[in-house]
Amino acid sequence: MIHEILPVGLLQCNCSIFGDEQSREAIVIDPGDNIEDILAILAKHSLRVKTIVITHAHIDHIGGAAKLKAATGAPVVMNTLDQELYDDLDVQASWLGMEPPARTAIDAAASDGDALTLGPAEFRVLHTPGHTQGSISLWIPSENKLIAGDTLFRDSIGRTDLPGGDGRQILRSIRDQLLPLPENATVVPGHGPNTTIGREKEHNPFLIGLF
Ligand SMILES: [Zn+2]
């Protein structure tokens, strides 16, 4: 499996580009910005985008979705509980002093227990609310990899002081949905360096007393 991680935009959101070597299909997760660079990576690997997945509707994760969809024709998938946040994209843009990017329709819902496929690999949707109500993580068992959005970071967790955030709920999501994954599973957070489930259990100060 091809996997490239590209930090995009002002807030350096980690955009993941997964590609299946056989079918040359791709899943792009969180195309927040820098769509030209994402398209260049896709072209370099001769990949065709099958699905665009949004872990949550913050502008740094979803801002480039409309542009990537226009360029590739791929459907955009997101949890419906973040629709309201997406509808307020221009408000989010004003927080950052940015021009509001184009918006697109969400083509399909990503709900807990859903699975997307890429070649033989399954991308399982875990609903992990707390950072936002519609936050999801993606667990890819065959790669032993978790795409954590802004739910879990190396040494930290997602902020819960923005609209839709809930500090207790994010800890419950991490405890019930993420910490049961294998200790050696790679965690790709929405920002910053990769980590593992085991490392965060041992070192993340926000998880003390949680399990
Ligand atoms: Zn966020």
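Residues numbered from 1 in each chain as written. Predicted model: local features only at pLDDT ≥ 70, side-chain atom pairs only at ≥ 80, totals over all residues. Heavy atoms only, no water.

**Q** Can you explain the overall build of the protein chain? Please cite residues and give values.
**A** If you tally the helices and strands in the protein chain, you get seven helices and 14 strands. The C-alpha radius of gyration of the protein chain comes to 16 Å, within 12% of the 17 Å expected for a compact globule of 211 residues. With the principal axes as the frame, the protein chain shows a C-alpha extent of 45 × 40 × 25 Å. Within the protein chain, buried positions represent 51% of all 211 residues. The long-range share in the protein chain, meaning contacts at least 24 apart out of those at least 6 apart in sequence, stands at 59%. Accessible surface, the protein chain: about 9,000 Å² in total, of which carbon and sulfur atoms supply 50%. Between the centroid of the 16 positive side chains of the protein chain and the centroid of its 28 negative side chains there is a distance of 4 Å. (Helix = DSSP H or I, 4+ residues; strand = E, 2+ residues; numbered from the N terminus. Rg over C-alpha atoms; globule rule 2.2 N^0.38 Å. Buried < 20%, exposed > 50% of the residue type's maximum accessible area, 1.4 Å probe, protein only. Contact = heavy atoms within 4.5 Å. Areas by Shrake-Rupley, 256 points an atom, 1.4 Å probe, with all protein chains shown as cover. Lys, Arg positive; Asp, Glu negative; His and termini not counted. Charge placed at Lys NZ, Arg CZ, Asp CG, Glu CD.)

**Q** Residues and numbers for the coordination of the zinc ion, please.
**A** Octahedral metals with six donors have ideal donor angles of 90 or 180 degrees. Tetrahedral metals with four donors have an ideal donor angle of 109.5 degrees. Only His-56 (NE2), His-58 (ND1), His-131 (NE2) and Asp-150 (OD) from the protein reach the zinc ion as donors, at distances of 2.2 to 2.4 Å. Viewed at the metal, the four donor atoms of the zinc ion are separated by angles of 83 to 171 degrees, and the geometry they form is irregular. (Donors = N, O, S within 2.8 Å, 3.2 Å for Na, K, Ca; no water. Tetrahedral: all angles 85-135°; square planar, octahedral: opposite > 155°, others 65-115°.)

**Q** Provide a residue-level description of the pattern of salt bridges, including the pertinent values.
**A** Under the counting rule described, the total for this entry stands at eleven salt bridges. For the salt bridge of Asp-107 with Lys-69, the shortest nitrogen-to-oxygen distance reads 2.9 Å. Of this pair, Asp-107 sits in the loop between helix H5 (89-95) and strand E6 (108-109) while Lys-69 is found in helix H3 (residues 65-72), placing the two residues 38 residues apart along the sequence. Between Arg-159 and Asp-161 there is a salt bridge, with the nearest N and O atoms lying 2.8 Å from each other. One network of salt bridges, with partners in common, ties together Asp-155, Arg-199 and Glu-200. (Salt bridge = Lys/Arg side-chain N within 4 Å of Asp/Glu carboxyl O.)

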